[in-house]
There are 2 protein chains.
Amino acid sequence: MKLPVSTEWVLHCATSLAQLEPGATASAAQLARYYDLPQAYLAKQLQPLVKAGVLAATTGPRGGFRLARQAAEITMLDVVEAVDGASSPYECREIRQQGRGALPPEECRTPCLIAAKMADAHAAWRGSLGGVSLADLLGELPSWVPRRTRQRLTGTG
Amino acid sequence: MKLPVSTEWVLHCATSLAQLEPGATASAAQLARYYDLPQAYLAKQLQPLVKAGVLAATTGPRGGFRLARQAAEITMLDVVEAVDGASSPYECREIRQQGRGALPPEECRTPCLIAAKMADAHAAWRGSLGGVSLADLLGELPSWVPRRTRQRLTGTG
DNA sequence: GGGCGGCTACTCGGATATATTCTGTCCGAGTGATAATGG
DNA sequence: CCATTATCACTCGGACAGAATATATCCGAGTAGCCGCCC
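Residues numbered from 1 in each chain as written. Chains lettered and ligands numbered in written order. Predicted model: local features only at pLDDT ≥ 70, side-chain atom pairs only at ≥ 80, totals over all residues. Heavy atoms only, no water.

Taking an unreviewed UniProt entry as the reference, chain A is identified by name as Rrf2 family transcriptional regulator belonging to Streptomyces silvensis.

See below:
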């Protein structure tokens, strides 16, 4: 079970975008320079966030990405599931119904117990990430961070 | 984030082994037949469980795998982490220290906030799985299951 | 009949190919600002 | 000086290769039981 590296990228990018003034944008190139990431691949990974309605993208000069809604309304889970998919890492393939030990269908009306427990664990994980919004993250940062982020992210110097 | 298919296999195999009489063993071939799985690959996936001390393997005729300790002392987390590794799915690569936005080292004494939240979520996941032992799983099964499992798993007919 | 030795068949364990997914790169369509131009 | 218009640089978006991991397979080393043989 391994999350793609891009998960870290988009989480940091979303946090940075949350520090911009309302309406301001940052391009994929700017974000890539800010974190020293491959620009094209980063842009590719930001696309699913746009499709998921987490980010909004505007083209043309002075265009780029911005949050699609307020930082308090975007959770880490939204970001992670947008880029990595919302499906559970454990996929029950009903092997209890295969082979010599195959259970009769009438015994499989209830979900596989193991799958249920794995789903519980996944729900706990989702609950933990769903309880943290981007605004919560910013709240734990020193107060001088956003100004610095804006300057280094969108500034030219 | 996707768990290997073999995770399902070893969880079910461990649960089945927990239903055997104490000291009894089941070979990889028997388990593979029981669930209709590729025998060689299943054996390969059971190996890390032996290394982790969850299962014990005995060679030779009438050999095979058995639980290394009591079912109540083996959690689903033990099984999952044995086969999939215990490392967190999110790996912080400290991109906050790279690129134009690189934070000075003295600001990075505290762990990356995003990584901390991801670690919290992973801890919640581990806590959920760690709270369920194989004995707990057996406790939720109908009482006639273990006898049937023993018969179909180790029987010849 | 009992003990011993060799043999055999069965087990796990590790080394070796193939498929799928993640990572990285490129180029094209679209858009908004910009600057020249004419009134 | 202002409105208009054509240009152009910059943006995202999707199509195309390379690398890492998961999946599947095979063969070899080791061992426990078993059978025959000897005492």
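From this point, the discussion proceeds with the structure in view.
Asker: I'd love a proper account of the pairing of strand S2 (residues 64-67) of chain A, names of residues and values included.
Answerer: Residue and element names in this part refer to chain A. Strand direction decides the pairing type here: strand S1 (residues 55-58) and S2, joined by 4 bridges, are antiparallel. Pairing of leucine 55 across the sheet is with leucine 67, part of S2. Connecting S1 to the antiparallel partner S2 that follows it, the hairpin turn spans 5 residues, and glycine 60 within it adopts a positive phi of roughly 80 degrees. (Pairing = 2+ DSSP bridges. Helix = DSSP H or I, 4+ residues; strand = E, 2+ residues; numbered from the N terminus.)

Asker: For the packing of helix H2 (residues 28-35) of chain A against helix H7 (residues 145-154) of chain A, give the residues involved together with the corresponding values.
Answerer: Residue and element names in this part refer to chain A. At their nearest, the axes of H2 and H7 sit 8 Å apart, and the two run at 115 degrees to each other. Classified by the interaxial angle, the pair formed by H2 and H7 is roughly perpendicular. Judged by residue contacts, Gln30, Leu31 and Tyr34 of H2 engage Thr149, Arg152, Leu153 and Thr154 from H7. Across the contact of H2 with H7, the residue classes break down as 3 nonpolar, 3 polar and 1 charged. (Axes fitted to C-alpha atoms, helices over the stretch in contact; angles between N-to-C directions. Parallel < 35°, antiparallel > 145°, perpendicular 65-115°, else oblique. Contact = heavy atoms within 4.5 Å. Nonpolar A, V, L, I, M, F, W, Y, C, P; charged D, E, K, R; others polar.)

Asker: Describe in detail helix H5 (residues 113-130) of chain B, supporting the description with residues and values.
Answerer: Residues and elements named next belong to chain B. Its 18 residues place the ends of H5 25 Å apart at the C-alpha level, agreeing with the 26 Å of an ideal helix rising 1.5 Å per residue. Where H5 is concerned, the buried positions are Ile114, Ala115, Lys117, Met118, Ala121, His122, Trp125 and Leu129. Along the axis of H5, the buried residues cluster in a sector spanning 165 degrees; they form a single face. (Expected span 1.5 Å × (residues − 1). Buried < 20%, exposed > 50% of the residue type's maximum accessible area, 1.4 Å probe, protein only. Arc of directions from axis to C-beta.)

Asker: Can you explain the packing of helix H1 (residues 5-17) of chain B against helix H3 (residues 39-51) of chain B? Please cite residues and give values.
Answerer: Residue and element names in this part refer to chain B. Running from N to C, H1 and H3 point in directions that differ by 70 degrees, and their axes come no closer than 10 Å. By the criterion of interaxial angle, the relationship of H1 to H3 is roughly perpendicular. Here H1 contributes Ser6, Trp9, Val10 and Cys13 to the contact with H3, which in turn contributes Tyr41, Leu42, Gln45, Leu46 and Leu49. In terms of residue class, the contact of H1 with H3 is made up of 7 nonpolar, 2 polar and no charged.

Asker: Outline the pattern of salt bridges, supporting the account with residue identities and numerical values.
Answerer: One pass over the structure, following the stated rule, counts 10 salt bridges over all chains. We note a salt bridge from A:Glu21 to A:Arg150, for which the minimum N-O separation is 3.8 Å. A residue pair is termed long-range when its members are at least 10 positions apart, and A:Glu21 in the loop between helix H1 (5-17) and H2 and A:Arg150 in helix H7 qualify at 129 residues. Judged by its relative accessible area of 25%, A:Arg150 falls in the partly exposed class. With its nearest N and O atoms 3.2 Å apart, the salt bridge here joins B:Glu140 to A:Lys117. Of this pair, B:Glu140 sits in the loop between helix H6 (134-139) and helix H7 (145-154) while A:Lys117 sits in helix H5 (residues 113-130), which puts the two residues in different chains. (Salt bridge = Lys/Arg side-chain N within 4 Å of Asp/Glu carboxyl O.)

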